[in-house]
Each structure stands twice: as structure tokens, then as C-alpha cells.
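# Commentary on secondary and tertiary structure
For reference, the chains in residue letters:
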Amino acid sequence: MTTPATQVTRKTPLAAGIGAALLLSLPLGAQAQTQLSIGTTSQASSLYAYFVAVSQLLNSELDDVNHSVLETGGGLDNSRRLRDGQVDWAMMAEPDLFEYYKGLGPFEGDPSPNFRTFWVTTPLAYLTVVDAASDVTSYSDLDGKAFNGGGRGSGTERATFEAMEALGVEPNWFRTGMSDAITAFQDRRVVGFTKAGPPNAPDSAIMDAETTRDIRILGWTDDEIEQVQAEYPHFDFMHVDDTPYDTGPMNLRVVFITVGTTTDLPEDTAYDIFKTVVENVDTVAESYSAIEGLDIIEQTLERGQTPLHAGVARYILEQGYEIPEHLMPDELEEG
């Protein structure tokens, strides 16, 4: 004799009809969810944990959408996936998103006018590390010196090339992967390197480098910033009172980790996602402490350079904020 747990229920036409009627009577969100994909970065990155936490938050709070997290090659890879419709929103950086949007720098003549800012999070600094015993105390002193500008083919390397070109400085570029660059620094084959890292916490690669040589972090003078921004006005700099390397006050070149999307994402969907992220920062901070206490609206308005998604702009306006003209999306104004 079968037990209730193993009995098979056979649907009669009447039972099937009742089941169909019950399904039709359910709220729309209970019948089907919109499947959305998030382009992130390598699982080895702490930022991957941030996007997993955001995805879990959204999936628990929003009944009508389901997010899946995709491991990718980072910002440049994500820009291509976003353009091709392979992801619905993705991790990037600002001002890189602005370059994708306008078709600047390495994207010269190939803009993506439907790219939009979803929100902006924490800064990442391009830290220029040199041997403290060397005579390199400014960026101009790197001229002709063996120097690594960042991992070969990376956004950091590109950013360093562009900034040095704007200053008229031409190091003897030592192009290699980041791990090999650290080894070359330790072996005294290069005077220094550039590494992207948090401005308020030690970077493991830089800590490794200084196990064999004392280091100096180069800061940017006001004149150097003016020179670079004359060529690249969208490049961002930030003054800090100190760094994890006991430098004291200095100016750092920074990018801000930014979530990008496109106008293809429905306005109401973007509104709900942004609202949920803004109102649950502390929940996500349990998995990614760097954003603890972050005011995402203020950060986005202050550091964003690419127009906002219409759903984001609508929510921000409802909270009583003014949106700078360069961030106001045309589609919201028209609507």
C-alpha cells in the first residue's frame, strides 16, 4: 500500500481547468519573473561579493524580477556585453562609462548613446608606486625610467598611458602582467609601477612589493591635474588627508566603481531596483563593508558623469534632490 507521500496525483480535465484558473488568478509577478543578468568581475575580486549581495537583496525584496550574477572580465568586457545585450546592467567605472557613452579615448568614434548610469559606489585610486630610495619624486621624474603602468592591457595601464601622455612624460614602459611587474620592482628592473587599489585600505600587491624595497607613493600637484584635465576633462582626482602607506595629504587620481545599464531596461524596473539598493545599504554592507554608511544618491549625483537612467532620475527627484543638467536623461525630460 502506498503512503500519501508516494501517491501520484492524476489530474482530471476538471482538476487541470481549476489549476489553470488558479494560475490566472495569481498576481502577475507570481506567474512569471523578469530574468535579469548582472555583469560583474572575477570571483577573486571583493567587488564580486558586492554584486552577489545586491543580487540576493533584490531577489528577496522584488517579486517580479530575478537576478543572476555573471563572472566576467570586468569593466571593458562588461561594456561589450552590455552593448550586445548579453547583460542588463553591469559593473564599470566612472569616467570609463562616460568614455563608452561618448565614444572617447580607446572608443573614439564608437559611442554607445543608450548607456546610462544606474548608481555610483566607492572610489578606486590609481596608485603610482616608486622606490623610496630613487630620485623619482614627481611624475616628470619618470621620464625615461623603466616603469610599469599597470597590468598589460588593463584599464589601469590605459589610464596611466593617457595621463603620462598629457603630461608629456614618456617612461621606458615595462609592459607585463601585474604579478610580473611586482617581481620586476622587487628585482630592481623597474623603478616603479601603477596599481589600482582602494585609497583607504592597503592593497595586497603593494604590500608584497614593499617587503623588499621601501616605497613612495606619488601624489598629483594642482598644476599636473590641470594639465591632465586640459586633455581629459572627465578624469577625476580626489584629495585625501592620508593613505594606507602613511603618505600624509595628497591628491590621487581616482575612478569610482559605477553600475551601468542602458535605456533598454524598463523605467519602472530600474526605479524599483535603485530604490531597493538605496534603502538597504546597510544590509549589503554586511557582505561588502566598504559601502557601509554610503549615501548612494549623493555619491551618484556628485561623481556620476553619464546621464542617469530615467527610473533612477525619477526616484531621485521624488526624494527632493536636484539633478545636474549633464546627468538628466533626455528620455525623462521628453516623458
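Computed from a prediction, not measured in an experiment: that's the story for all the values here.

Turning next to the side chain of Asn 251. In this structure, Asn 251 sits in strand β10 (residues 250–262). Note on Asn 251: relative accessible area 15%, which makes it buried. Aside from chain neighbours lying at most four places away, what touches Asn 251 is Gly 219, Trp 220, Thr 221, Asp 222, Ile 225, Met 238 and His 239.

Next up on the list: the layout of surface pockets. Reported here for the largest pocket is a volume of approximately 1200 Å³. Elements that contribute at least two residues to the lining of the largest pocket include exactly α3 (46–61), α4 (75–83), β3 (89–94), α5 (96–102), β4 (115–131), α6 (155–167), β7 (192–197) and β10. When residues in the lining of the largest pocket are grouped by element, the largest group, five residues, is from α6. Here the residues of the lining of the largest pocket sort into 23 nonpolar, 19 polar and seven charged.

This part is about the environment of Glu 157. Of note, Glu 157 is situated in helix α6. The spacing of Glu 157 and Arg 175 is 18 residues in sequence and 8.7 Å in space, taken between C-alpha atoms. Beyond its immediate chain neighbours, meaning those up to four positions away, Glu 157 contacts Gly 149, Gly 150, Gly 151, Arg 152 and Arg 175.

Turning our attention to the nonpolar core. Within the largest apolar cluster, 43 residues are counted, with the highest numbers of intra-cluster contacts made by Tyr 50, Trp 89, Phe 118, Trp 119, Ile 273 and Phe 274. With seven residues, α3 is the largest single contributor of residues to this core. In this structure, Ile 273 is in contact with Leu 36, Leu 58, Leu 62, His 67, Trp 89, Phe 118 and Trp 119, ignoring residues within four places of it in sequence.

Right, let's get into the pairing of β10. Side-chain positions along a regular strand alternate between the two faces of the sheet. Counting buried positions over the 13 residues of β10 gives 13, a clear majority of the element. What you see with β10 is no split at all: Met 250, Leu 252, Val 254, Phe 256, Thr 258, Gly 260 and Thr 262 on one side and Asn 251, Arg 253, Val 255, Ile 257, Val 259 and Thr 261 on the other are buried throughout. In this sheet, β10 lies alongside β3 in antiparallel orientation, the contact comprising six bridges. Looking at the pairing, Glu 94 lines up with Phe 256 of β10. Examined bridge by bridge, strand β9 (residues 236–240) and β10 share five bridges and lie antiparallel to one another.

Taken over all residues, the pLDDT of the protein chain has a mean of 87, while the share at 70 or more is 89%. Mean pLDDT values for the elements of the protein chain range from 38 in helix α1 (residues 13–25) up to 98 in strand β6 (residues 172–173). For the stretch residues 1–31, pLDDT sits under 50, and the model shows six contacts to residues farther than four places along the chain or on other chains.

We now examine the packing of aromatic side chains. If you walk through the whole model with that rule in mind, you get 16 aromatic pairs. Ring centres 6.4 Å apart and planes at 50 degrees place the aromatic pair Phe 98 and Tyr 101 in the tilted group. Taken together, the residues Phe 98 and Tyr 101, both in helix α5 and three residues apart, mark about one turn of the helix. Tyr 101 matches Phe 98 in its accessibility class, with the two residues each being buried. Ring plane angle 80 degrees and centroid distance 4.5 Å describe the contact between Tyr 100 and Phe 107, whose orientation is recorded as edge-to-face. The pair formed by Tyr 100 and Phe 107 is uniform in burial state, with each residue classed as buried. Taken together, the ring pairs in this structure connect Tyr 50, Phe 51 and Tyr 288 into an aromatic cluster. Geometry around Phe 235 places Arg 253 over its ring, the cationic atom sitting 3.7 Å from the centre.

As a further point, take the packing of helix α10 (residues 267–278) against helix α13 (residues 310–318). In a pair of packed helices, the angle between the axes and the distance between the axes together describe the arrangement. Following both chains from N to C, one finds α10 and α13 inclined at 55 degrees, their axes separated by 7 Å at the closest point. The angle between α10 and α13 falls in the class oblique. Handedness of the crossing formed by α10 with α13: right-handed. Here Glu 267, Asp 268, Ala 270, Tyr 271, Phe 274, Lys 275 and Val 278 of α10 lie close against α13, whose contacting residues are Ala 310, Gly 311, Val 312, Arg 314, Tyr 315, Ile 316 and Glu 318. Here the contact of α10 with α13 is built from residues that sort into eight nonpolar, one polar and five charged.

Most of helix α12 (residues 296–303) is tucked away, with six of its eight residues classed as buried. Those residues of α12 not exposed but buried are Ile 296, Ile 297, Gln 299, Thr 300, Leu 301 and Arg 303. A side-chain oxygen of the first residue of α12 lies 3.2 Å from the backbone nitrogen of Ile 297; this N-cap is Asp 295.

Basis of the calculations
Throughout this document, residue positions are counted from 1 along each chain, in the order its sequence is written. Given that the model is predicted, a residue must reach a pLDDT of at least 70 before its local features are reported, and side-chain atom pairs must reach 80 or more before they are shown or counted; all residues, however, enter totals for whole chains, interfaces and linings. Calculated side-chain values reflect all of the structure's heavy atoms, with hydrogen atoms and water omitted. The helix and strand labels rest on DSSP assignments: H or I over at least four residues marks a helix, E over at least two residues marks a strand, and numbering proceeds from the N terminus. Categorising residues by exposure relies on relative accessible area from a 1.4 Å probe, with only protein chains included: less than 20% of the type maximum marks a residue as buried, more than 50% marks it as exposed, and the intermediate range marks it as partly exposed. Residues are treated as being in contact if the distance between any of their heavy atoms lies within 4.5 Å. Using a 1 Å grid laid over the protein atoms alone, points where a 1.4 Å probe fits but cannot get out form a cavity; open sets with protein on both sides within 12 Å along at least 5 of 7 lines form a pocket; any residue with an atom within 4 Å of a point counts as lining. Grid points are joined across faces, edges and corners, and a volume is the space filled by probe spheres set on the points. Amino acids are sorted into nonpolar (Ala, Val, Leu, Ile, Met, Phe, Trp, Tyr, Cys and Pro), charged (Asp, Glu, Lys and Arg) and polar (every other residue, Gly among them). We call a set of buried Ala, Val, Leu, Ile, Met, Phe, Trp, Tyr and Cys residues a nonpolar core when their side-chain atoms join them within 4.5 Å. By the convention used here, strands pair only if DSSP detects at least 2 bridges between them. Known as pLDDT, the predictor's confidence for each residue is given on a scale from 0 to 100. Ring geometry is summarised as follows: Phe, Tyr and Trp rings, the Trp one being its six-membered ring, pair when their centres sit within 6.5 Å, and such pairs are stacked at plane angles under 30 degrees, edge-to-face over 60 and tilted between the two. Here, over-ring charges are defined by two tests on the NZ atom of lysine or the CZ atom of arginine: distance to the ring centre within 6 Å, and angle to the ring normal within 35 degrees. Between N-to-C directions, angles cover 0 to 180 degrees, with each direction set by a line fitted to C-alpha atoms, over the stretch in contact for helices. Note on terminology: angles under 35 degrees are roughly parallel, angles over 145 are roughly antiparallel, angles of 65 to 115 are roughly perpendicular, and the others are oblique. Left-handed describes a crossing whose near helix is turned anticlockwise from the far helix by less than a right angle; the clockwise case is right-handed. Under the rule applied, a polar contact is a pair of N or O atoms within 3.5 Å (in protein, one hydrogen donor and one hydrogen acceptor; residues adjacent in sequence only if both atoms are side-chain atoms).

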